[in-house]
Each structure stands twice: as structure tokens, then as C-alpha cells.
Amino acid sequence: MSDKIIFQDLEVTTILGNDVWERKKKMPLRITCEICTSISTAGMTDKINESVHYGQASKRVLTFAESDHKLQSLEAFSESVALECLSVTPRALAVRVFIKKPRALLHAQFAAIEIFRTRDEVFGSLETALVRAESESDEAFAQRVSFAEKEIAVAKNSAGILANEDHIIVKRLSLNTIIGINRWERHYKQVVNIDLTLCCKKLPIPEDNSKLNKVPRYRNYRTVIDAVSELVEQSSYRTVEALVTSVARAAVKTCKVPKVIVRVEKPSALTFAAYTGAEITRTAEDFAVSGVSPRASAGSLASTGGSFSTVPDTARHSAYISLGTNVGDRLGNLHKAVFNLRKNLPKSRLVETSFLYETLPMYVTDQAPFLNAACLVKTELEPLELLEELKRLEFEMGRDFSVIRNGPRVIDFDILFYDEVVIESDVLTIPHALLHERRFQLGPLCDIDRDLMHHRLGKTSGTLFRHLTTHNEVPEDTVQVTPLKARWHTRPNPHEGCILKPLNPKTQSETVFMGILNCTPDSFSDGGDYVSLDAAVEHATKLFNDGADIIDIGGQSTRPGADPVGVEEEIRRIVPVIKRIRKAGIEISISVDTFYADVAAAALDAGADIINDVTGGYSDPKMLPLVAERQCPYILMHMRGDPLTMTSLNDYSEFDGDVIRAVRFEIAQRVRAALDHGIPRWNIIIDPGIGFAKEGGQNFEILRRLPALTAKHIYASAKSKGSNAEEIAEDVGTDVDNQGYVDENLAVELNNYPVLVGCSRKRFIGNVTGKLNAKDRVWGTAATVTSAIQGGASIVRVHDVAEMYDVARVSDSIYRL
């Protein structure tokens, strides 16, 4: 039997989380409850006490809803409604609760939750959940329990999948997007209506339902809607099928929803129909990327790069910690702090770092600017234990706790989040009490995770940061910077041992120049010109005087077909040059172009600052651990194979011939490996590897689509193999520029990483200009420099610094802020 007592759309007014404008205001809710019971006796006797009194049930729900319940989430509220319904009478054996929040989202009809709870789930076993009458015999009570068990089983069967999972629902999310294949549909955005159902396993029912105010991110409809809205409004799919799949992918892969049901309606599709549409159900298994897998060969960029082992992630808790310093060698302080978190924080493991930010002081403004970052630590320490250990590290690093609050400090650790814990005490507040007003903490935090839920405010870290950065009067007090020099080599007692550059396209005003110094007899352009020590130092001086910010010294040619040289020979070629430059007092950043860890170590010991590795760390398994240990800037380039084999490895058919997609996928794996080895995110610069495992047209394609290298999402290339874009365009007269977002499986997001581009004098330029002599390709190089700057490159690597300096400064004035 599957009888139900129902009340539909009971309207109540209550404070429950945030309204559409994210304010804590009273708002309407509509509550529907279906209480499972047996009405057989009541149907025969016409007695209400033989059933569940819907008047009593609805009154209990109404009274609770309008009470000062302090609940903030639909999850917590729905559990309490279920409890109220089942508390009316022991005859109430199960209940389906459906709660709509009409004012939850600006562009949606409503958000809702749907749950199904049985009496034994809410109260414990049926023996304790059913009230036993004093005069009731053991046999009679046992029969009543058995009957209830059978009725609950029938109710569960009737509830279907809702018996095992909860549904969080967003109804009729209306967004504007380009969708369709007709000419007019490619030029004008149209409305699509999206229904989302997030299918999640039931949460354990706590003794206190207020504990459910802390909603896991995969159940947070605001987080999911933010991701879906951004995706849809920037997309330009041709079919509803592709759009609905993309929405499901964003929910499952980006927001970690276990299962999602997505319905997309296109109201303007047919004149005489309300809409056309598609509905799908997807899980994570449906988006396992097939056909694109890490290349298994030893020379592949996608291989993990050696035999490094990672510490098993056995720690239970996730702590997000901010770091700040404005005294002495700020970068040195942060590097020491990272070292201490990795080596000297007990029962803990540092797993992620943010980019680096230079920020103006807040609260106490009469002090030096800060360097700020954030990190994620996995730990077994409890919150107060973690706080005590961080204070110990601050003391050991020399922090003076007697200075004014928010004053100068050599290091400052703040616990921003700890799992989803909420703590308010005299010594510790989590989430951090002032996080919502601090760009200098929210910016780095969002590099690691934009979806952390601030449970006291009911907003994600990304939402809080957006609120601080999207109004018209945002001060430019938080700037992402990248270290280009680790120390002043000629000053024995450095005060500020670094050079910091804003290399994010949003804030960078001038292109950084890397001048090339090849101390080799066989480089493609200037082989043999600077093999003598005097000639090399003289050229380094010229590069510096011409405007170079970095001198890139190479002791081994990586041109196509070049034979490798040994470690000892490479050290012999470059180390004396580095030492002589430093002895000459040339205060410029020096990078060493090598893929050998032993050469890199010798170069750093001699005075180099940066490692420029054309293999991204896969050639020598000792390279990434070395860079992590030395905490130096690291240029990580995309390449396949080695100089002898790379020209035969430019087939990107596994990526549908899309070279940008291939470079993104493979370089992201190398970045992930670098991060996993402990290299801070702020020390990584990526290079798409122009000319390395790319033929001429592929190099131009990279320059043409350079912004896509670090974009959050990329469009499929219309020229990709297997694309039918040209066919469709010919049929209906449309453009073929954008084919919708690609389903990628990146090991790490690449947005905000600085990009270096090196095209100088390369063969693909000569192929189109007819210049056989590499030194005659200056003006062709100038065109690539302009293109790179337009595409957002932070650093250009060139032979002819003086000529490219003028080209870049004019390009900066055109394309940069």
C-alpha cells in the first residue's frame, strides 16, 4: 500500500540564507509535503485519529518556519520540516518534502530541494521510533513494527531514486547565448531556459539540524549556477545537444556534483511550438576523456617526468592559510615560510600554493607594501593545535609580537578556512573574521579554490572576491607579481633580495625582454659567435645596455637535429660566463637554458637566477626537485621528444589536429608535476615552445590563438580534423570561428600563469619571408613580437634586443593598459 496525506505549496515567510541580492532578509518559501501512511482504517471508520491530520502537520511546519530557527540552508530546513511532519503521529511512516525558494536566484524561477525521509532514518530504529502503548502486548507491538516496516518498504519503492538521494533543483534558469546554425542565430544571442537537478547522496542526519547549514560545495546551487552561467553566456554552440552536455560537464567536472540532470529549452526555435530542447543525466564516468591520454614514451612531455614519489595524502583536514610579509627580504621570507610549512609543520603536508601578490598595507597604512600568498595544507592537527604551531613558526622566523596590531611583520600566518568548520572564540575565528573585506587574502585564496563556502556569510570565496573587485572604485592595491631575480649578487647584506614584475596581462604595462646569449658552436642563428669568454661577456653587456631585463645563457643547442652535449661540457661553457657577468657588476636577471639538473645547480651556484627548461622537467627527473629546493623562477616549456626527434612528433591528431589544445593539455601536466614537487605557483612561467615539435603553420596558429593558451575554456578549432564546421557553414552561410567549448581534462588550470614566447629568427619566419640566413629575419621576428604582445605574452625571448625594444614599446602602447 502506498497511501499519502498531502499539503501542496504551503506558503511561509522566513529568513533562510541569502535572498536574490545575497542579503539576509525574510523571503517566501513554498512547502509541499507528502506523508506516507496507511489510511485504510480511517477510510473505513471516517475517523481522523486513524490517519495523519494534515491540519496538525501543516500547522507544525508553519510554526517552525516562522520561528527563530537560525537555519541557513535548504538542507537544514528540509530536514527540520521532515521532522515536524513525522512528529505529528507514529502513523506517519515516511515523508517527501519539496521546498521551493522563489527569490533565491536573479535569473531563475526558483531553487528547491526535494528529500525523502523515513521514520527510522529520522528517529532511529522503528522499535524506538514507534510509540508503544502501556497496555500494548509484545506480540501486538511486534506486529505493528512489522507492518510499519512493510509500509516503509512500499513507500521507498514508490519514492524511487529519491529514497537513496537528495535533489537540489534550479528551475528555469534563463540565460542569453549564441545557439543554432542559422545565420541570424550566429549574430544574435537568444534566451535558453535551463533546469538543473543536482542528485546527491543523503547526508547523515545530525542531532542538531543547524549543522547542515554548512553545505558541501557540490550541493551548493549558487556555486553551480555561477559556473553554468559563465559557461553558457560565453559559449556559442550550434546544437542544443552540445550545450546541454557542456552544462552537465560544468556541474560534474567543475563543481564535483556526483550526478546531474540537465534540461535545456530553446523557446525561439520553432514558431508554432513552445520550445525545443534536450534533457540528459550525467555522472563523472560519462566525462572520462577518451582518445586523449598521456603519451607513454620516455621523451613525451605528458609523461610525469621521472620517478619522483609524493607523500601519501593521509591527512584528514584541509586548512587554507594566508602568508604575508613586509619586513626585510620579503620574497626570502615567503620562501622560508613555505619551507617551514613543508618541513617543520608537524603532521601536515603542503599541497598547493597561490600566485604572489604585492599589496598596499591595510588598516595601518604608514608602512611598506606587503607580499601576500596563500597555501593549502593537509593536516592531522586540530584547529587550535594548528594555530599554536603556526605561531611557533612565526616566532622562530623572527616575528615581533610587541609591535602594533596590523603593523610591520616579517611573517604572518592566518588560518582562513579549516574544512567546513565554523569557530568563534577569543583566540581563533574560522572562517577568518575579516576575510570578506581583504582583497590581499581573497585574491590568493581564489587561485587555489574559488568555491570555498564561507558558512557564516553564506557566500563562496569567489563571490566575496568578486564583490570587492567589480565595483567602479576598486583601488589598485593588489597586483600579481612574478619573481625574476632571487637576490642582489653584489650586495652582501641584501635588504630586498628580489626583482618583482607584474606579468599578468591585466596589470602589466611593459613587456619583459629576455636577451639570448648562446655560448655554443652550433646554435642555428649565432653558433660560434660567443664561445670565448670575452665575447660572451661583451655581448651580455650589450644586451643589458640595449634594454634586456633577463640574459638567457645557453651552453647546448636545442635546434632541430642538434647532438646533445654532456653535463660537464655544458657547465664548462656557461658557468665562467655567469661568474664574469656577476664580477662585472651587471645587475640583471640571468637565466640558464638547460634541461640538466646538475647544470642548473652549478649555474645557480655561480649566480644565475632562473632555470629555463625546454623539456619542462621531463628530461631529467632531478630537475623539478632541484627547482623546488632552490625556490627559483622556472620557465617550463612545451616540447615533445628531444632535438633529434622533435620534428617527427608534431602530429596532434589525438587532439583533432588542434595544436593549442594539445599544448594546453600537455603543458598542464608538466605544471601539475612542478606543483606536486613543491615548486610554488608564483615561480612558474610557461612557454608554448614555438618551433619545438611544431611545423610552420602550427607556430602561426599558436601566435594567432595565444590568449587561448591560458584561457579558462577554449573553443574547438574550426580547422580541427574531424570538424564538420566548414560543411555546416557552406550549407547555411555561417561563420566557422567558434565551435563551442572543448571538453578538456587539464591537470591544472593555466589561467594567470605568465607566458614567455620565443620566436626570434626561427625557421618558420624564414619560410614565409624567404630569408635563408637567420640573422636576416629581424623584421619577421618583429611581427611575431607584436603578435605575442597582442596575445598577452609577458616575456619575449629575442636575439636583437635593441631593435625589438622599440617594436615592443610601441606594441605595449597599443595593446597593454
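All of these numbers come straight from a predicted model, not from anything done at the bench. (Residues numbered from 1 in each chain as written. Predicted model: local features only at pLDDT ≥ 70, side-chain atom pairs only at ≥ 80, totals over all residues. Heavy atoms only, no water.)

*Asks:* Sorry, what's going on with the overall build of the chain here?
*Replies:* Scanning the chain from N- to C-terminus turns up 23 helices and 28 strands. Classification of the 817 residues of the chain by burial places 56% in the buried group. Across the chain, every contact between residues at least 6 apart in sequence was considered, and the portion connecting residues at least 24 apart equals 70%. As displayed, the chain has an accessible area near 34,900 Å², and 50% of this comes from carbon and sulfur atoms. (Helix = DSSP H or I, 4+ residues; strand = E, 2+ residues; numbered from the N terminus. Buried < 20%, exposed > 50% of the residue type's maximum accessible area, 1.4 Å probe, protein only. Contact = heavy atoms within 4.5 Å. Areas by Shrake-Rupley, 256 points an atom, 1.4 Å probe, with all protein chains shown as cover.)

*Asks:* Just to check I follow, could you spell out the packing of helix α15 (residues 597-606) against helix α16 (residues 623-630) for this structure?
*Replies:* Helix packing for two helices is described by the angle between their axes and how far apart those axes are. It is at 9 Å that the axes of α15 and α16 come closest, and there the two elements cross at 20°. By the angle class used here, α15 and α16 are roughly parallel. Helix-helix and strand crossings are classified by hand; for α15 and α16 the assignment is right-handed. On α16, the residues that touch Ala597, Ala600, Ala601, Leu604 and Asp605 of α15 are Met623, Leu626 and Arg630. Of the residues in the contact of α15 with α16, the class split is six nonpolar, no polar and two charged. (Axes fitted to C-alpha atoms, helices over the stretch in contact; angles between N-to-C directions. Parallel < 35°, antiparallel > 145°, perpendicular 65-115°, else oblique. Left-handed = near helix turned anticlockwise from the far one by under 90°. Nonpolar A, V, L, I, M, F, W, Y, C, P; charged D, E, K, R; others polar.)

*Asks:* Looking at this structure, I do not really get the nonpolar core. What am I missing?
*Replies:* When a protein is soluble and globular, its nonpolar side chains tend to lie buried together. With 92 residues, the main nonpolar core has Leu517, Ile553, Ile611, Val671 and Val757 as its most contacted residues. Take this core: its biggest share by element is eleven residues, from helix α17 (residues 659-676). Not counting chain neighbours up to four residues away, the residues in contact with Ile611 comprise Val592, Thr594, Ala600, Leu604, Met623, Val627, Cys632, Pro633, Tyr634 and Ile635. Membership of the second largest hydrophobic core comes to 65 residues, among which are Ile179, Ile225, Ala227 and Val257. (Core = buried A, V, L, I, M, F, W, Y, C linked by side-chain atoms within 4.5 Å.)

*Asks:* Any chance you could explain the confidence of the model for the chain here in plain terms?
*Replies:* Low pLDDT marks regions whose predicted coordinates should not be analysed in detail. Put simply, the chain has an average pLDDT of 86, and 88% of its residues get 70 or more. The weakest mean pLDDT in the chain belongs to helix α20 (residues 725-732) at 41; the strongest belongs to strand β27 (residues 756-757) at 98. This model gives residues 290-312 a pLDDT under 50, and the stretch forms 47 contacts once residues within four places in sequence are excluded. Confidence drops under pLDDT 50 across residues 487-495; counting only partners more than four residues distant or on other chains, this segment forms 20 contacts. (pLDDT = per-residue confidence, 0-100.)

*Asks:* What exactly am I supposed to notice about the sheet that holds strand β22 (residues 550-554) here?
*Replies:* Strands pair in a sheet through their backbones, by hydrogen bonds, and they do so in one of two ways: parallel or antiparallel. Read across the open sheet, the eight strands follow the order β26-β25-β24-β23-β22-β21-β28-β27; overall the sheet is parallel. A single partner strand is all that each edge strand has here, and the edge strands are β26 (684-687) and β27. Relative to strand β23 (residues 589-593), β22 runs parallel, the two sharing five bridges. For Asp552, the partnering residue across the bridge sits in β23 and is Ser591. (Pairing = 2+ DSSP bridges.)

*Asks:* Would you mind showing me how to read unusual backbone geometry here?
*Replies:* It is generally the case that most residues other than glycine have a negative phi and that most peptide bonds are trans. A cis amide bond links Ile430 with the next residue in sequence, Pro431, at an omega value of -5°. Note on placement: Pro431 falls in the loop between β16 (429-430) and α11 (439-448). The phi torsion at Tyr363 lies on the positive side, around 75°, for a residue other than glycine. Locating Tyr363 in the fold gives a position in the loop between β12 (356-359) and β13 (370-379).

*Asks:* Just to check I follow, could you spell out the pairing of strand β11 (residues 348-353) for this structure?
*Replies:* Two faces, one strand: in a regular strand the side chains alternate between the faces of the sheet. Across the six residues that make up β11, a large majority, five, are buried. Note that β11 and β13 share five bridges and pair antiparallel. Each residue of the ladder has a partner; that of Glu352, found in β13, is Leu376.

*Asks:* Help me out: how do you make sense of the packing of aromatic side chains in this one?
*Replies:* Each pair of aromatic rings is reported with the distance of its centres and the angle of its planes. Per the counting criterion, the structure on display carries six aromatic pairs. Geometrically, the ring pair formed by Phe355 and Tyr753 is edge-to-face, given 4.9 Å between the ring centres and 75° between the ring planes. With a gap of 398 residues between them, Phe355 in the loop between β11 and β12 and Tyr753 in the loop between α20 and β27 connect regions that are remote in the sequence. Take Phe355 and Tyr753: they sit in the same class, and that class is buried. Here Phe655 and Phe665 contribute two aromatic rings whose centre-to-centre distance is 5.4 Å and whose plane-to-plane angle is 55°, an arrangement assigned as tilted. Of the two residues, Phe655 sits in the loop between β25 (634-637) and α17 while Phe665 sits in helix α17, which places them ten residues apart along the sequence. One cation-aromatic arrangement involves Lys100 over Phe110; the distance from NZ or CZ to the ring centre is 5.1 Å. Against the face of Phe355 rests Arg681, its NZ or CZ located 5.6 Å from the ring centre. (Phe/Tyr/Trp six-rings, centres within 6.5 Å; stacked < 30°, edge-to-face > 60°. Lys NZ or Arg CZ within 6 Å of the ring centre and 35° of its normal.)

*Asks:* Before we go on, may I ask you to explain the packing of helix α2 (residues 54-65) against helix α3 (residues 74-86) in this structure?
*Replies:* At a minimum axis distance of 8 Å, the contact between α2 and α3 shows a crossing angle of 145°. Crossing angle aside, the handedness with which α2 passes α3 is right-handed. Counted together, Arg60, Val61, Phe64 and Ala65 of α2 and Phe77, Ser80, Val81, Glu84 and Cys85 of α3 form the full contact between these two elements. Residues of the contact of α2 with α3, tallied by class, amount to six nonpolar, one polar and two charged.

*Asks:* What should I look at first to understand the pairing of strand β19 (residues 478-485) in this one?
*Replies:* The element β19 is extensively covered by neighbouring structure, given that six of its eight residues are classed as buried. Across three bridges, the pairing between β19 and strand β20 (residues 499-501) is antiparallel. Paired with Lys485 across the bridge in β20 is Ile499.

*Asks:* Whenever I open this one, helix α18 (residues 696-704) confuses me. Can you help?
*Replies:* Side chains of residues three or four places apart in an α-helix project in the same direction, reflecting 3.6 residues per turn. Along α18, the residues classified as buried are Gln698, Asn699, Glu701, Ile702 and Leu703. Elements in contact with the buried residues of α18: α17, α19 (706-709), β27, α21 (763-769) and α22 (778-790). For α18, the N-terminal capping position is held by Glu695, with its side-chain oxygen 3.1 Å away from the main-chain nitrogen of Gly697. (Polar contact = N/O pair within 3.5 Å; in protein donor to acceptor, adjacent residues only side chain to side chain.)

*Asks:* For this particular structure, what's the right way to read the environment of Ile179?
*Replies:* By secondary structure assignment, the location of Ile179 is in strand β5 (residues 165-179). Residue class for Ile179 comes out buried when judged on its relative accessible area of 1%. Residues Ile179 and Ala242, 63 residues apart in the sequence, show an inter-C-alpha distance of 9.7 Å. Here Ile179 is in contact with Glu185, Arg186, Gln190, Val192, Tyr237, Arg238, Thr239, Val240, Leu243 and Lys266, once residues within four sequence places are set aside.

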